[in-house]
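Topology and contacts: notes
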Amino acid sequence: MDRRERLARARLYVVTDGRQSRGDLSAFLDTVLSAGADIIQLRDKDAEAGDLLRWGETFRKQAAKHDALFFVNDRPDVAAVLEADGVHVGQNDLPVEASRRFVGREKLLGLSTHDPEQLEAAPPDADYVCVGPVFETPTKEGRPGTGLDYVRFAVDREDRPWFAIGGINEETLPDVVEAGARRIVVVRAVTEADDPAEAVRRLLKALPEL
């Protein structure tokens, strides 16, 4: 199955840093991917390229082991060196067109969007988009939640794979699903869970099949 086919079937996308404070990166990734997560992303805004490359090797190996997708946040150069499956960029990062030059046509490219105008302006060259943050979250400090209306807007307007993101956990997920989301990105709901595998299984159970 090629990358775009795997993306089309993906429902649960887990974002984490290098977990250096816990020292369990490889075990954590193995756990959440074994439990059914479809995509993992390395995101650490403060890390230097050398650290990202070192941690990224672990991400790449675990993703390959589980036939999952591996993305690097913000850094198309690092994604290219690591031969990751793709890169995810934000509105103020290197634009989609420029990022594509680093990763090539075979790799995937994702884009964050925060309002209907950004979603409608998302370049066709982005393979998927994220919609949110639906709820306020510490991982997007200072950015207000977009609310469920933005999820409903995406249902009506977006044909490519899209993921709801931001403050989504087992408690808030039912409302996000009711609004029409079928794919989600999570951070703390899994990375801070006492039992990450169980957290993944519960989230997947609450998500409708595609």
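Above this text you will find the structure in question.
Conventions adopted
Residues numbered from 1 in each chain as written. Predicted model: local features only at pLDDT ≥ 70, side-chain atom pairs only at ≥ 80, totals over all residues. Heavy atoms only, no water. Pairing = 2+ DSSP bridges. Helix = DSSP H or I, 4+ residues; strand = E, 2+ residues; numbered from the N terminus. Axes fitted to C-alpha atoms, helices over the stretch in contact; angles between N-to-C directions. Contact = heavy atoms within 4.5 Å. Polar contact = N/O pair within 3.5 Å; in protein donor to acceptor, adjacent residues only side chain to side chain. Phe/Tyr/Trp six-rings, centres within 6.5 Å; stacked < 30°, edge-to-face > 60°. Lys NZ or Arg CZ within 6 Å of the ring centre and 35° of its normal.

1. A look at the sheet that holds strand 5 (residues 108-113)
A barrel is described by the order of its strands in space; here 8 strands give the closed sequence 1-2-3-4-5-6-7-8, paired in parallel fashion. On average, each strand axis in the sheet is inclined to that of its neighbour by 25°, with strand direction left out of account. Taken together, the 4 bridges between strand 1 (residues 12-16) and strand 2 (residues 39-42) define a ladder with parallel strand orientation. Its bridge partner being in strand 2, Y13 is matched across the sheet by I39. Contacts from helix 5 (residues 96-103) reach strand 4 (86-89) and strand 5, with the element oriented near 155° to strand 5.

2. With respect to the side chain of R183
Along the polypeptide, R183 turns up in the loop between helix 8 (173-178) and strand 8 (184-186). In this structure the side chain of R183 is engaged in a polar contact, spanning 3.0 Å, whose partner is the backbone oxygen of A10. Apart from residues lying up to four places away in sequence, R183 is in contact with L7, A8, A10, R11, P161, W162, F163, A164 and L210.

3. Some details on the packing of aromatic side chains
Each aromatic ring pair is summarised here by two numbers: the centre-to-centre distance and the angle between the ring planes. Going through the model one piece at a time under the given rule, you end up with 7 aromatic pairs. Aromatic rings pair up to connect Y13, F71, Y128 and F163 into one cluster. Stacked on the ring of F28, the Lys or Arg R19 has its end atom at 3.9 Å from the ring centre.

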